[in-house]
Amino acid sequence: MGTSTSHRSPATREWDLVRELYQRPNPAPGEVVGRIVAALDEASRARLHDAATVRCLDAVLYSSAALAEPGAALPEPPVSSGIPALDLAVFVRAAALESIAADRAPSVTGTLALDAVPPTVLDSLSTTSDWNDFPAATVLARYSRFAREGDLSALAGQYTGNGLDQAFRYLVTRDVSDFVGQTGLPTVQDAGRLVVGVGDLVRQGGSGPVLRRHEQDLQEIMTLVRDQRVRELEPLVRKGVEASLTVLSGG
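The present account deals with the structure reproduced in this document. (Residues numbered from 1 in each chain as written. Predicted model: local features only at pLDDT ≥ 70, side-chain atom pairs only at ≥ 80, totals over all residues. Heavy atoms only, no water.)

## So, the environment of Met222
What counts here: Counting from the N terminus, the helices are the DSSP runs of H or I reaching at least four residues and the strands are the DSSP runs of E reaching at least two. Here, residues are in contact when the closest pair of their heavy atoms is within 4.5 Å.
Mapped onto the elements of the fold, Met222 is located in the loop between helix H11 (215–221) and helix H12 (226–248). Each C-alpha atom, one on Met222 and one on Ala65, is 6.6 Å from the other, the two residues being 157 residues apart in sequence. With residues near it in sequence (within four places) discarded, Met222 still touches Asp58, Leu61, Tyr62, Ala65, Leu152, Arg229 and Leu233.

Printed below as a string of structure tokens:
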């Protein structure tokens, strides 16, 4: 599973069933998602929780833990947007990118994993876009609460949902252009609506706190140094992604 949309999905029976949906009138996002999950081979599933994804989640969780420390303040960005929430999202993404580069852990899905970081930060602050108006103190309080109130598993679930959203949008986008103009997807706009519908469904269905039973583990992991955190997070990230895929398999 690469990140270039010039690559098409594999020529397997399972992926043929996915492509078949794009030729039907008004393909349902839920059915598309269910068939994609069924079509993912072992290697493709592994890429959804690879080294880059682990480091991105670590940056998301550790930033909350760091901001929960007494006297903590939002990091000062090199160039501020004037919107504290956006500045924090950019900072966390930069921390994730630095961690990936430090460990020489890029991956074919690394860009998708990184792109899931900013929406996770922003979604965690508010369910609407009113985060635009939040002062720095509100951003700090809302993001740090996940560590402070023992709810890191919810933040991990949000990142998992956003990561799968990015991945599934890519998986649909790389194929649907072949079917634009046909019965199922007569216009580019129809294809775009399908991509958005799939992404939204995956984000919502994959964002549950599937690691709730591991909340104490997550809290303890965030007290470790980065290398240890990454090592301890790897099996939890795998478990979280696989649990979300199980939920999504029902469409």
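## Comments concerning helix H8 (residues 136–148)
Note the following rule: A helix is expected to span 1.5 Å multiplied by its residue count minus one. Using a 1.4 Å probe on the protein chains alone, a residue whose accessible area is under 20% of its type maximum counts as buried, one over 50% counts as exposed, and one in between counts as partly exposed.
Over its 13 residues, H8 extends 17 Å from the first C-alpha to the last, a length consistent with the 18 Å expected when each residue adds 1.5 Å. Taken as a whole, H8 has its buried residues at Val139, Leu140, Tyr143, Ser144, Phe146 and Ala147.

## With respect to the pattern of salt bridges
The criterion, for reference: We define a salt bridge as a contact between a side-chain nitrogen of Lys or Arg and a carboxyl oxygen of Asp or Glu at a distance within 4 Å.
What the rule picks out here adds up to 21 salt bridges. Among the salt bridges present, the one from Arg45 reaches Glu242, with a minimum N-O distance of 2.7 Å. In this pair, Arg45 is assigned in helix H3 (residues 42–47) and Glu242 in helix H12, connecting sequence segments 197 residues apart. On the basis of relative accessible area, Glu242 is assigned to the partly exposed category, the value being 25%. As a salt-bridge pair, Asp151 and Arg145 come within 3.6 Å of each other at their nearest N and O atoms.

## Quick notes on the environment of Ala191
Along the chain, the position of Ala191 falls in helix H10 (residues 188–206). Separated by 10 residues in the primary sequence, Ala191 and Gly181 place their C-alpha atoms 9.6 Å from one another. Contacts of Ala191, omitting those with residues within four sequence positions, involve Val176, Val180 and Leu185.

## As for the nonpolar core
For soluble globular proteins, the rule of thumb is that nonpolar side chains tend to be buried together. Rules: Only buried Ala, Val, Leu, Ile, Met, Phe, Trp, Tyr and Cys residues count toward a nonpolar core, and they belong to the same one when joined by side-chain atoms within 4.5 Å.
One finds Tyr22, Ile36, Leu61, Phe168 and Val172 to be the most contacted residues of the largest nonpolar core, which totals 73 residues. If we ignore the near neighbours within four places in the chain, the residues touching Phe168 are Val33, Ile36, Val37, Leu40, Val198, Val202 and Leu245.

## Some words on the side chain of Asp87
Here is the rule: Under the convention used here, Asp and Glu are negative, Lys and Arg are positive, and both His and the chain ends fall outside the count.
Tracing the sequence through the fold places Asp87 in helix H5 (residues 84–102). Although Asp87 is buried, it forms no salt bridge, and the closest oppositely charged side chain is Arg93 at an N-O distance of 13 Å. Filtering out sequence-adjacent residues up to four positions away, Asp87 remains in contact with Pro77, Val79, Ser80, Ser81 and Gly82.

## Regarding the packing of helix H9 (residues 152–176) against H10
Let me state the cut-off plainly: Lines are fitted to the C-alpha atoms to define the axes, a helix being fitted only along its stretch in contact, and any angle between axes, read from their N-to-C directions, falls within 0 to 180 degrees. The labels follow the angle: roughly parallel below 35 degrees, roughly antiparallel above 145, roughly perpendicular from 65 to 115, and oblique for the rest. Left-handed describes a crossing whose near helix is turned anticlockwise from the far helix by less than a right angle; the clockwise case is right-handed. Under the grouping applied here, Gly and all other residues not named as nonpolar or charged are polar, the nonpolar ones being Ala, Val, Leu, Ile, Met, Phe, Trp, Tyr, Cys and Pro and the charged ones Asp, Glu, Lys and Arg.
Contact geometry for H9 and H10: axes closest at 7 Å, N-to-C directions at 155°. With respect to H10, the element H9 is oriented roughly antiparallel. As H9 runs across H10, the sense of the crossing is right-handed. Residue-level inspection shows Gly157, Thr160, Gly161, Asn162, Leu164, Asp165, Phe168, Arg169, Val172, Thr173 and Val176 of H9 in contact with H10, the latter providing Ala191, Leu194, Val195, Val196, Val198, Gly199, Asp200, Val202, Arg203 and Gly206. Taken together, the residues that form the contact of H9 with H10 break down as 10 nonpolar, 7 polar and 4 charged.

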